[in-house]
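# Residue-level structural notes
One-letter residues, chain by chain:
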Amino acid sequence: MNKFHNQRLKGQTAIVTGAGSGIGKAIAIQMAGEGAQMVVNYISNADEAQEVVDAIKTAGGDAVKIKADVSNEDQVKSLFSKTIEIFGPVDI
């Protein structure tokens, strides 16, 4: 059962950088709660990022984690390519 009720972002794909903890985590969970397919971007702590993905999925959302250093252009390109491959175009 989907614990998320507000679906104003349904059908949209969002990438949140630094989503493994802190403000990024809160934003990713909130956006997933509004129906967005979430990409949880992280740079170093895969376990924290996976916990966010698991929390979103447990609540009925859709999420994946993708490692990328957003200060590196090639890694940003890869982040977007992987996101498009999984979810389609990036909206947010």
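Our subject is the structure that appears above.
Everything numeric in this text was worked out from a predicted model, so none of it was measured.

### A closer look at the side chain of T83
Here T83 is to be found in helix α3 (residues 73-87). Of the residues examined, T83 reaches a relative accessible area of 0% and is grouped as buried. Only 2.8 Å separates the side chain of T83 from the backbone oxygen of L79, close enough to count as a polar contact. Among all residues touching T83, those that are not within four sequence positions of it are T13, I15, V39, I66, G88 and V90.

### Focus on the pairing of strand β2 (residues 37-42)
Buried residues dominate β2, accounting for 5 of its 6 residues. Pairing between strand β1 (residues 13-16) and β2: 4 bridges, direction parallel. The residue bridging V16 from the neighbouring strand is V40, located in β2. In the classification by handedness, the crossover that spans β1, the intervening helix α1 (residues 22-33) and the parallel β2 is right-handed. Sheet topology places β2 next to strand β3 (residues 63-67); 5 bridges connect them, and they run parallel. Pairing of V39 across the sheet is with V64, part of β3. A crossover links β2 with its parallel partner β3, the connecting element being helix α2 (residues 46-58), and its sense is right-handed.

Cut-off values and rules
Residues numbered from 1 in each chain as written. Predicted model: local features only at pLDDT ≥ 70, side-chain atom pairs only at ≥ 80, totals over all residues. Heavy atoms only, no water. Helix = DSSP H or I, 4+ residues; strand = E, 2+ residues; numbered from the N terminus. Buried < 20%, exposed > 50% of the residue type's maximum accessible area, 1.4 Å probe, protein only. Polar contact = N/O pair within 3.5 Å; in protein donor to acceptor, adjacent residues only side chain to side chain. Contact = heavy atoms within 4.5 Å. Pairing = 2+ DSSP bridges. Right-handed = clockwise from strand over helix to strand, strands pointing away.

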